[in-house]
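Next come the chains, spelled out residue by residue.
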Amino acid sequence: MLRPLVFLALTGGLSALPALSQIVPPGKVQVPDDEKPSKPFVWSERRLLTAPELFDAPDEWVDRSLQWVDFILANYHPSIPEHPLRRAALIRLDDILHLESAPRNQLVQKFYVNRMRRAIEEIEQTKVVSGMRIWKLYNCGFLVRTPTVSYVFDIVPGLSIPGFAVPPELMERLVKQADAHFISHFHNDHANQSVVRLFLAQDKPVIAAEGLWKNLPEFAGKLIYPQRSTDIVHSVPVRGGSQTLKFVAYPGHQGAPVLNNLHLVISPEGFSVLQTGDQWNDEDKPGSDFDWIAQIGRQHKVDVLLPNAWSREVGRIVRGVNPQLVITSHENEMSHTVDHREDYTQTYTRFWAVPYPLAVMTWGESYHFHRVEAPKLGLR
Ligand SMILES: [Zn+2]
Ligand SMILES: [Zn+2]
């Protein structure tokens, strides 16, 4: 039985086999010409640096895998350095979430909603007495809590697919836990009208990219559109005016046409967090966003950076911001087709040569940040 394999190895291996036919995309995905695959074992060039996915899988495998992922993540929390079992769990999650059917799979939906429910319950029960705790919710959604304030970025319930969304009563409980909401741009994986309605009903500020829903009478005059600027430090009162959040609305873009604010938020204690929304630098020429991104760390001491993991040349963004910690976002956004559903596998690859502490987290996980003061150097 082994002889044919030995023969193949000696005569140049697999090249002796007839060429494999090209893999067909799952579902109705159209692969644009510039993403046509260069290798026969992938169906889109964008999938080249991730192990090939199954196009469908038995529920038994999905179910046991999700239970295992939950078990590993419950026992090996985000830490620096990261325990290797976490990476195994997140990559298994990639495998599941890249099934074409994943957004419609009730096991996946249950996994998502349960994780979000547990996170919201945990947020309700967590009092922060030092440092800050950051929960990663769906996509680029985060809740940041310090001893004095809590605020959120880009909160959405999930997908518009029934079953893949946090129920309204749970969203209301989440909004109760936050004092302010920062929205980077209008895309519906970042901005959600029902969530904003909850904030306004609770008389809490919503700070949004220029002109978000300004033509809708319901929201007219109720959202705060800060001047986009690299210099202006804005203030917004929260908690009935007893605390103040300071923030900068950096004038970013997702490609040229979409205005995307990078909000740097500074808590009353001085803890600062920068979230990048969907920052995507279309061009790299004098005057492009990279120019001012390269200066952020010189203007402000940034504790935590929350970048969209797939942002172009993301290492340059990290270096410009120069944070103490990076927590990535926007992996496995399930409204995207499988080829554009950026995975954890590629997050690890993209950040491999970025020499900053990195926490890769999934839905509902949190990390407690403590500032590390630089040691004072001196001669003895
Ligand atoms: Zn976007
Ligand atoms: Zn997005």
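Only a predicted model underlies this, so the values are computations on that prediction, with no experimental measurement involved.

Each value, and the rule that gives it
Residues numbered from 1 in each chain as written. Chains lettered and ligands numbered in written order. Predicted model: local features only at pLDDT ≥ 70, side-chain atom pairs only at ≥ 80, totals over all residues. Pairing = 2+ DSSP bridges. Helix = DSSP H or I, 4+ residues; strand = E, 2+ residues; numbered from the N terminus. Domains from an automatic or database assignment. Contact = placed C-beta atoms within 7 Å. Nonpolar A, V, L, I, M, F, W, Y, C, P; charged D, E, K, R; others polar. Buried ≥ 20, exposed ≤ 12 C-beta atoms within 10 Å, placed from the backbone. Arc of directions from axis to C-beta.

1. Thoughts on the pairing of strand S7 (residues 243–254)
Two strands pair when backbone bridges link them, and strand S6 (residues 234–238) and S7 are joined in this way by 5 bridges, in the antiparallel orientation. Residue pairing in the sheet places Pro-237 in a bridge with Thr-244 of S7. From the end of S6 to the start of S7, which pair antiparallel, there are 4 residues, and Arg-239 there has a positive phi angle of about 50°. The pairing of S7 with strand S8 (residues 258–266) spans 9 bridges and is classified as antiparallel. Looking at the pairing, Gly-252 lines up with Asn-260 of S8.

2. Points about the domain arrangement of the chain
One can read the domain layout of the chain as domain 1 (3–47) and domain 2 (59–369). Counting residues at the interface gives 8 residues for domain 1, matched by 5 residues for domain 2. A per-class count over the side of domain 1 that touches domain 2 returns 3 nonpolar, 2 polar and 3 charged.

3. A closer look at helix H5 (residues 168–176)
Since one α-helical turn is 3.6 residues long, residues separated by three or four positions face the same way. Buried within H5 are the following residues: Met-171, Leu-174 and Val-175. Seen from one end, H5 has its buried residues packed into an arc of 95°, which puts them on one side.

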